[in-house]
Amino acid sequence: DAKTTQPPSMDCAEGRAANLPCNHSTISGNEYVYWYRQIHSQGPQYIIHGLKNNETNEMASLIITEDRKSSTLILPHATLRDTAVYYCIVRVASNAGNMLTFGGGTRLMVKP
Amino acid sequence: DVKVTQSSRYLVKRTGEKVFLECVQDMDHENMFWYRQDPGLGLRLIYFSYDVKMKEKGDIPEGYSVSREKKERFSLILESASTNQTSMYLCASRTGGGDTEAFFGQGTRLTVV
């Protein structure tokens, strides 16, 4: 199973772009990169996912390197409400469950 | 609005008690999951189920069992609660195929005293 490595914490000024890196050097060809976030005392919330192309939605952009060994989640204009733990996950494919394996994540602190 | 609902937000139980944590989803998802979350350890998978009456062990199944009698409901059972099972428990569900996203409940904070 591919594992991910993220910095434990990051700060970002309110209104600026937050760029959250993730390394997944052992990712295999059919594994997707997912990002979730967890705001304090709530369940994790899906943000975005991708396979090899860059993706954008109303919440964020996902940039995946050409070799797929790393990716960056971009929150273009961070707000105080974006303060959360952000999890980068590589989807584990199995015969049964398509389960998600969460690592430690990055605690993003958005500061005024 | 899609929804995963956990029966309790906060729960306090005594050591040795049998504890049931209930999770219901209204999205007709095949897959359901139970995680626990502890400071410094992230989310760890306890059990998951990919169909009614089917279950698979996750990374830390010891001390837990599960039940999936109906598609929409996935129950986590602590047969004999212990203090090291004090944790935040999160239920999630997702549909069966491909690259779909998972939806999480709000969590149950269980304290075993």
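Reading guide: rules and limits
Residues numbered from 1 in each chain as written. Chains lettered and ligands numbered in written order. Predicted model: local features only at pLDDT ≥ 70, side-chain atom pairs only at ≥ 80, totals over all residues. Heavy atoms only, no water. Helix = DSSP H or I, 4+ residues; strand = E, 2+ residues; numbered from the N terminus. Contact = heavy atoms within 4.5 Å. Areas by Shrake-Rupley, 256 points an atom, 1.4 Å probe, with all protein chains shown as cover. Pairing = 2+ DSSP bridges. Phe/Tyr/Trp six-rings, centres within 6.5 Å; stacked < 30°, edge-to-face > 60°. Buried < 20%, exposed > 50% of the residue type's maximum accessible area, 1.4 Å probe, protein only. Buried area = accessible area lost by both parts, 1.4 Å probe. Salt bridge = Lys/Arg side-chain N within 4 Å of Asp/Glu carboxyl O. Polar contact = N/O pair within 3.5 Å; in protein donor to acceptor, adjacent residues only side chain to side chain. Axes fitted to C-alpha atoms, helices over the stretch in contact; angles between N-to-C directions. Disulfide = S-S within 2.5 Å.

Remarks on the overall build of chain B
Item 1. Scanning chain B from N- to C-terminus turns up zero helices and 12 strands.
Item 2. When the elements of chain B are put in sequence order from the N terminus, they spell out β-β-β-β-β-β-β-β-β-β-β-β.
Item 3. Across chain B, the fraction of contacts at a sequence separation of at least 24, relative to all contacts at a separation of at least 6, is 55%.
Item 4. Per element, the accessible surface of chain B, about 5400 Å² overall, is 48% carbon and sulfur.

Focus: the sheet that holds strand S5 (residues 55–56) of chain A
Residue and element names in this part refer to chain A.
Item 1. Strand order in the open sheet formed by four strands is S2-S7-S6-S5, and the pairing between neighbours is antiparallel. The open sheet has two free edges, formed respectively by strand S2 (18–23) and S5, since each of these has just one partner strand.
Item 2. As defined by bridge partners, S2 adjoins strand S7 (residues 70–75) across six bridges and the pair is classed as antiparallel. Its bridge partner lying in S7, Asn-23 is registered against Ser-70.

Describing the packing of aromatic side chains
All names here are of chain A.
Item 1. One pass over the full model with this rule turns up seven aromatic pairs over all chains.
Item 2. With a centroid separation of 6.4 Å and an interplanar angle of 25°, the aromatic rings of Tyr-34 and Tyr-36 are classed as stacked. Across the pair, exposure class does not vary: Tyr-34 and Tyr-36 are buried alike.
Item 3. Note on Tyr-36 and Tyr-46: the rings are 5.8 Å apart at their centroids and 75° apart in plane angle, and the pair reads as edge-to-face. Within this pair, whereas Tyr-36 is found in strand S3 (residues 33–38), its partner Tyr-46 is found in strand S4 (residues 45–50), the two being separated by 10 residues in sequence.

Description of the interface of chain B and chain A
Item 1. Of the residues lining the interface, 22 residues belong to chain B; the matching set on chain A comes to 19 residues.
Item 2. In total, about 1800 Å² of surface goes out of reach between chain B and chain A, with carbon and sulfur atoms giving 52% of it.
Item 3. Inspection of the chain B/chain A interface yields zero salt bridges.
Item 4. Counting across the interface, chain B meets chain A through four residue pairs in polar contact (both at pLDDT 80 or more).
Item 5. For the side of chain B that touches chain A, the secondary-structure elements that each account for two or more residues are strand S5 (31–38), strand S6 (42–51) and strand S10 (87–94) of chain B.
Item 6. Here the element with the most residues in the side of chain B that touches chain A is S6(B); it accounts for five residues.

Overview of the sheet that holds S4(A)
All names here are of chain A.
Item 1. Taken together, five strands build an open sheet; the order of strands is S1-S9-S8-S3-S4 and the sheet is mixed. A strand with exactly one partner marks an edge of an open sheet, and here the two such strands are strand S1 (9–13) and S4. Direction aside, the axes of adjacent strands within the sheet are offset by 25° on average.
Item 2. In terms of strand pairing, S3 meets strand S8 (residues 84–90) through six bridges, oriented antiparallel. Along S8, the bridge assignment pairs Tyr-36 with Tyr-87.

Things to note about the pairing of strand S9 (residues 106–111) of chain A
All names here are of chain A.
Item 1. Covered by surrounding structure in S9 are Thr-106, Leu-108 and Val-110 only, the residues Arg-107, Met-109 and Lys-111 on the alternate face being uncovered.
Item 2. The pairing of S8 with S9 spans three bridges and is classified as antiparallel. Its bridge partner lying in S9, Val-85 is registered against Arg-107.

Details of the state of the cysteines
Item 1. The full count for this structure, using the stated rule, is two disulfides over all chains.
Item 2. Here A:Cys22 is linked by a disulfide to A:Cys88, with a sulfur-sulfur distance of 2.1 Å. Since a negative S-S torsion denotes a left-handed disulfide, the A:Cys22-A:Cys88 link at about -80° is left-handed. Pair noted here: A:Cys22 is in strand S2 and A:Cys88 is in strand S8, with a separation of 66 residues, a long-range link.
Item 3. Under the relative-accessibility criterion, A:Cys88 is labelled buried at 0%.
Item 4. The residue that forms a disulfide with B:Cys23 is B:Cys91, at a sulfur-sulfur distance of 1.9 Å. Because the torsion about its S-S bond is -75°, the bridge between B:Cys23 and B:Cys91 counts as left-handed. Highlighted residues: B:Cys23 in strand S4 (residues 23–25) and B:Cys91 in strand S10, separated in sequence by 68 residues.

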